[in-house]
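Chain by chain, the residues:
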Amino acid sequence: MKRLMQILRQIDGKGYKAYKDLQGIYRFPSFTLYVDSVQSDPYAPPSLIRVRVPLERVSYSEEWYQRRYRRIAFEDYLLRKWVDQIASSPYRNGKNGFAIDRPGQEILERTAVVIREDWVEARLTVGLPAQGRTILGKRAYEMLCDTLPSLVERVFFFSEKDERLVERRMQLVDNQQAIREELSRRNWLVFIADGSILPRVSGISDKPLREGKIIPFRSPESLRVSIAVPHGEPITGMAIPTGITLIVGGGYHGKSTLLKAIERGVYDHIEEDGREYVITDPQVVKVRAEDGRRVEKVNISPFITHLPFGQDTSRFTTDDASGSTSQAASIMEMLEMGCSCLLLDEDTSATNFMIRDARMQLLVSKGKEPITPLIDKIQQLYQEKGVSSILVLGGSGDYLDVADRVIMMDQYTPYDLSEQARQVAKQFRDERQFEGGDSFGEITKRIPITSGLKATKGKKEKVDVKGVHTIRFGLQQIDLTALEQLVDVSQTRAIAWMIYQLGKMGDDQRTLPELIAQLYQKIDRFSLDFLSPYQGKHPGYLALPRKFELAGAINRLRSLRVR
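Attention in this report is confined to the structure presented alongside it. Source: prediction; values computed, not measured.

**Concerning the overall build of the chain**
Counting secondary structure elements, the chain contains 13 helices and 27 strands. Relative to the 2.2 N^0.38 estimate, which gives 24 Å for 563 residues, the radius of gyration of the chain is 26 Å and therefore close to what a compact globule would have. Across its three principal axes, the chain shows a C-alpha extent of roughly 85 × 60 × 40 Å. Relative to its 563 residues, the chain shows a buried fraction of 57%. With the model as given, the accessible surface of the chain reaches about 25100 Å², and the carbon-plus-sulfur share is 48%. A gap of 7 Å separates the mean positions of the 81 positive and 75 negative side-chain charges of the chain.

Written out as structure tokens, the structure reads:
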């Protein structure tokens, strides 16, 4: 600490590059400061620092971090505390002060705050102060020698209130884990607790709606279950079993809101989110149409065959997929990765992929129509492959013939109309002909060619992200807009570096699922820090994505080549 003070006095008033002298390790009374990287000028990305406190100095119960899901939740609690404390400090502007990764409503495994066997560490960025390009040494002293120790003290050293809040967090994640285990035992896909608040503030905010007319979720009696949890009374709510489930209802009555809550339920949520007890099987995947995406040798023959000019749909490749071919490819790619259920919204699906009614069948014979719509494959998909479907529908009544259950949303309240739907389907017999063939068809696994996973840009390598839905990888820009269960830019950042690592690991022998599984095994063994090119230093801000979003990004690489 004294050496840091001395350096700051020496470089006060010098040119900005003199800040490079700060790089190194400094021992404070209660923590160690690691200055890993110093920005080259005031307008460059901020400097990277870490603060590490020995666990023997803090009063953390080992029960808070010994089990993986508890450790992730505890690290998330500490990270949110860092965000709050920085926001109330005099140096809260990341360009001229401290900053750290900002979590959303989900509890994700991250690199921003980590607990290891002997220590806890926060990884921050700091914009070192200057006037123009002249170092303001006294302000830097205040930041690093006064404000930073105060932040460390307020975040890492607990009061009784902190201990109560952490215990509350542990009880929440214990209950969430118990519900996930019950889903697996009972072959349920989704659980939505009574009293949940599903609507969000707006389309650009994931925070719960707090004002206006808020209707808490209430399960239909026929779908209501009760789940015993470790803390508190049993939790009641709606369970959606495996099979084919339709969500219907009028416009603006909550169909898509329910589906959005289900798709985000693959992640645990924080206290008071409103969806903390909306729990979804983590293998559930949302798919949609995506005009213009690239497809690389995907077997879409279960849905599309005999295209013009003899195109082979068992190894279908295009640089500009249509709505129907893109949706077929996305489904087959997720089946390749082992998903348990597909989520689809009629509004974001290709109409000709979803349904071909009786009149169109009479007008255009099957021999002239290459597309077999999902309605004719959806039961085979469940019966033969064990993959369920949950669909939001407003206009395709033909799906009543294949549904196991029908949930109607009416003014944000669900009703089980399964029996009425069966009566309607029986009363109004559809004259359309089944076009699905004898079986669903084959799911083909592909082997990626390593050269297609390189981030080369000239003689250099380029890996960067721009928001949640864009990766810059070498010369390419990967559009991830259609991956709707990607929720955090730090997940996107991790995906970019995961593709980079796969480019090193590939041997042109293993299938894509095998290669991705091996990468996750390495992350389990070495932590998320393994992905960073800056080993032993500040790894940047990463959050663990699911394998489905990683595979989705790889499949959208325009350089991807497979066999």
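**What to know about unusual backbone geometry**
Its identity is not glycine, yet Glu272 carries a phi of approximately 65°, on the positive side. Mapped onto the fold, Glu272 is located in the loop between helix 5 (255-264) and strand 15 (278-280). In this structure, His306 takes a positive phi of about 30° despite not being glycine. On the secondary structure map, His306 appears in the loop between strand 17 (295-298) and strand 18 (316-318).

**Some words on the environment of Met505**
Structurally, Met505 can be placed in helix 11 (residues 489-505). Along the primary structure Met505 and Leu519 are separated by 14 residues, whereas in three dimensions their C-alpha atoms are 8.3 Å apart. Leave out the neighbours within four places in its chain, and Met505 touches Arg510, Leu515, Gln518, Leu519 and Lys522.

What counts and how
- Residues numbered from 1 in each chain as written.
- Predicted model: local features only at pLDDT ≥ 70, side-chain atom pairs only at ≥ 80, totals over all residues.
- Heavy atoms only, no water.
- Helix = DSSP H or I, 4+ residues; strand = E, 2+ residues; numbered from the N terminus.
- Rg over C-alpha atoms; globule rule 2.2 N^0.38 Å.
- Buried < 20%, exposed > 50% of the residue type's maximum accessible area, 1.4 Å probe, protein only.
- Areas by Shrake-Rupley, 256 points an atom, 1.4 Å probe, with all protein chains shown as cover.
- Lys, Arg positive; Asp, Glu negative; His and termini not counted.
- Charge placed at Lys NZ, Arg CZ, Asp CG, Glu CD.
- Contact = heavy atoms within 4.5 Å.

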